[in-house]
Structure formats: C-alpha cells, structure tokens
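Results of the structural survey
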Amino acid sequence: MKYRLIFIGFGLVGQGLTEILINKRHWLKEKYNFECEIVAVSAKSKGAVADEKGLSAEKLLELVHQGKSLEEYPDGVKGLSPLQTIEQLEADILIEVTYTNIKTGEPATTYCRRALEKGMHVVTTNKGPAALFYRDLKKLADAKNVIFGIEGTVMSGTPVINTGLFSLAGCTIRKVRGILNGTTNYILTEMEQGKPYEEVLKKAQELGYAEADPAADVEGWDALAKIVILANVIMGQPLKTTDVVREGITKISLEDIEKARRENSRWKLIGEVSAENGKVKAKVGPEKLDLSDPLSSVMGTTNAITFDTDLMGSVTIVGAGAGRIETGFSLLTDILAIHRKFAG
C-alpha cells in the first residue's frame, strides 16, 4: 500500500525521517509492503512546495542541505502556507514537525486538528498539541477513524508510549518517573567533572543540545510537558500543565554536586507523576538520587524512564531522548502502526 505524505515543518526531524524513508525504501517494501511518496512540504524557514504527482525526497534534501529554499524545486506549486497545504492537498498522513509552543500549543494544534477533520492520520513529535490538547485530538481522531500518533513526543525514538500502552497492557501503572530532558542531564553530568554551570551551558548551546534561550530545558518546562503527556496517555489521568509543580536545575551549584558525590548520590532532573486513591500528583525538579537507583547511572544526553506497575514491579527503559535520526524513527513507528491497522 502506498501512502501520500504531507510535511508541515522540515527541520532536522523531518529531514531525519526523509533520510530513513530513502535509505530503507526497498526494505520497507519487502518487509511490510509499505510504500510512500511526499506530496507537499510547507516549512516556515525553508519554503513550501507541493505536487500531487509526488516530490523527489532526494531533491528535497539536496535543496535544504545546500541552504536553498524548497521553492527552488523545479516543479510543483510554490508558497502554500501550512493550512493552505492541508486544505488543498489530498494526503493520507500529515507529519507535523514544527516548533513546540508549550504555552498555547499553536500553531501546531490547528494543523493537527484540521488534518484530522479532513480524515488524515497525524503523526507528530510536537509536545504542544500532545500536552495541552491530547484528549480532544484523540477523540477527534477516533471519530474520524484515523490515528493521532505521538510516540516521539517523550523520548525521541525510544518506545516509551508504545511500551506503556501495549507492552504493559494489563498492568496498572501507579507511577512514572524519569530523566526526560537530555540537555539538563548533559549539564549535570559535565558539572560532576568540576565544570561550572555557565561554562557547561555554553558548551551545550555550541553542541546544539540547548537553544539560545535554554529556559525550556533548564527551567523544567520540557520535562513538564512530557510528564503531562505520560499522565494523560499512559495513565489515563486528566493532568494539566498547571497541575505540575516545577523547578529547574539553575540553582544547583558545584558545591551541591560535590556534596552529593561524598554521599554516594547524584543530582538528576526528575519528572514524576503518580496516581493513588483517585489522587494524581505530578512534579518536575532536581532530586539527589542514591547510586543504587537505576536512574542515577544514566549520563550525558541519554534519557530514562521507570514505570511502577502492579504486575511487573518497576520497569526501566533507557535510550535516546533526542537526535535527528532517532526522532525521525519515532515518526516511522507511528506511520507503520497506521499501516498495520489500515492496510487490510
């Protein structure tokens, strides 16, 4: 079966998925009988091109790698906005990979909602729609008999949501806690080497781990969004962003790091949500973990999450929390889930 794809946004994640679809094209056809073609891309900083006959994935990547606008593509309709693209093109799957706005979820939520209303499946790595409007968007997707896929919103390609929904099906998940932000984990790891916070943050920005404005990471907003997603999707709890107690890592000093070392402990930014006797509690903040805690050994940009369950006890998953190919892979897992359900 062949699927028609629309990309809204075409940054590193969208490009990562496109590379995967090129490199695994024949393998996906042979193993899953899966084929796809890109019919449109609309990206704020890279231009827009659409062609219902299909676009060359290789040519799209060539243009962006050369620093050129997608509107230099030799054929097709140019300059359509994201909403015009969704309205005017017929496609099976919308791949929404624009920037995250955790305060309003826009404009990504509008893109997702309009595509679902048209009967398109939607896959996204954007935490805004997933954290703020998951229940509404999931209800709309169900009504339209399509899928709203969000695997990549929590730990990149590491299968957190699929594990909670499917591999642990039948378990009551009482608590979820983990290291959900690679930037802060990198900073705390480097500070253990005696490097001051400001120096490490600057290095993280140079490496592309942290944005020029690092508040989303270091103040805990990114981890907060992920905790809200996990509460709603995995635990079925109607948690809102305003329900989460939040603190970042900016107050942790080298003295704090050294004191923890002497106590056989280690500082980590931990996101946690628990449900007991009908009460839901959620928080994000720095915690001093004993070295016996499996989360304490997770270093660098790696993420990890522990599910506390009634039947399996504690189940910890460790894996990539970011990365161009890794996050692109998360979109592929959602796309293949659509294929398995609807290919007949």
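Look up: the structure comes first, before these words.
Within every chain, residues take consecutive numbers counted from 1 along the sequence as written. The model is predicted, so local features are restricted to residues of pLDDT at least 70 and side-chain atom pairs to those at 80 or more, both for listing and for counting; the totals for chains, interfaces and linings are taken over all residues. Think of the side-chain values as coming from all heavy atoms in the structure, minus any hydrogens and water.

A short note on the overall build of the chain
Secondary structure elements are defined from DSSP: runs of H or I of at least 4 residues count as helices, runs of E of at least 2 residues count as strands, and each element is numbered from the N terminus. The secondary structure content of the chain amounts to 14 helices and 13 strands. Against the compact-globule benchmark of 20 Å for 344 residues, the chain has a radius of gyration of 21 Å, which places it among compact chains. Structurally, the chain occupies a C-alpha span of about 65 × 45 × 40 Å along its principal axes. Burial analysis of the chain (344 residues in total) assigns 54% to the buried set. It is over C-alpha atoms that the radius of gyration is taken, and the globule rule equals 2.2 Å times the number of residues to the power 0.38. Burial status follows relative accessibility: with a 1.4 Å probe on protein chains alone, a residue under 20% of its type maximum counts as buried, one over 50% as exposed, and anything between as partly exposed.

A few points about the pattern of salt bridges
We count a salt bridge whenever a side-chain nitrogen from Lys or Arg sits within 4 Å of a carboxyl oxygen from Asp or Glu. Evaluation of the coordinates by the stated rule reveals 23 salt bridges. Asp-293 is the partner of Arg-177 in a salt bridge, and the nearest nitrogen-oxygen pair spans 3.1 Å. Residue Arg-177 is located in strand 8 (residues 173–179), and its partner Asp-293 is located in the loop between strand 11 (279–290) and strand 12 (302–309); the two are separated by 116 residues in the primary sequence. Taking relative accessible area as the criterion, Arg-177 reaches 15% and is therefore assigned buried. Across the pair Glu-192 and Arg-266 runs a salt bridge, and its minimum N-O distance is 2.6 Å. One end of the pair, Glu-192, is in the loop between helix 9 (182–191) and helix 10 (197–206); the other, Arg-266, is in strand 10 (residues 265–276), with 74 residues separating them in the sequence. We note that Glu-192, like Arg-266, is buried. Each of Arg-177, Glu-272, Lys-283, Glu-287 and Asp-293 takes part in one network of salt bridges that share partners.

Digging into helix 14 (residues 324–342)
Because each turn of an α-helix spans 3.6 residues, side chains separated by three or four positions in sequence point in the same direction. Take the residue count of a helix, subtract one, and multiply by 1.5 Å to get its expected span. Spanning 19 residues, helix 14 covers 28 Å between terminal C-alpha atoms, matching the ideal 27 Å at 1.5 Å per step. For helix 14, every residue scored as buried is listed here: Thr-327, Gly-328, Ser-330, Leu-331, Leu-332, Thr-333, Asp-334, Ile-335, Leu-336, Ile-338 and His-339.

Notes on the nonpolar core
By convention a nonpolar core is built from buried Ala, Val, Leu, Ile, Met, Phe, Trp, Tyr and Cys residues, the set being connected through side-chain atoms within 4.5 Å. Ranked by internal contacts, the top residues of the largest apolar core, which has 71 residues, are Ile-6, Ile-187, Leu-230, Ile-305 and Phe-307. With nine residues, the single largest contributor to this core is helix 12 (residues 221–233). Once residues lying within four places of it in the same chain are set aside, the contact partners of Ile-305 are Met-155, Val-160, Val-176, Arg-177, Gly-178, Leu-180, Leu-230, Leu-295, Val-315, Thr-316 and Ile-317. The contact criterion used is simple: two residues touch if any of their non-hydrogen atoms lie within 4.5 Å.

Focus on the packing of aromatic side chains
Pairing of aromatic rings covers Phe, Tyr and Trp, the last counted by its six-membered ring, and requires centre-to-centre distances within 6.5 Å; plane angles under 30 degrees mean stacked, over 60 mean edge-to-face, and any other angle means tilted. By the definition in use, this model includes five aromatic pairs. Taking the centre distance of 5.6 Å and the plane angle of 85 degrees together, the rings of Trp-27 and Tyr-32 count as edge-to-face. Looking at Tyr-32, the relative accessible area reads 29%, which means it is partly exposed. A cation over an aromatic ring shows up here: Lys-24 above the ring of Trp-27, its NZ or CZ 4.2 Å from the ring centre. Here, a charge over a ring is recorded when the distance from Lys NZ or Arg CZ to the ring centre is within 6 Å and its angle to the ring normal is within 35 degrees.

Any link to function would need more than the numbers given here.
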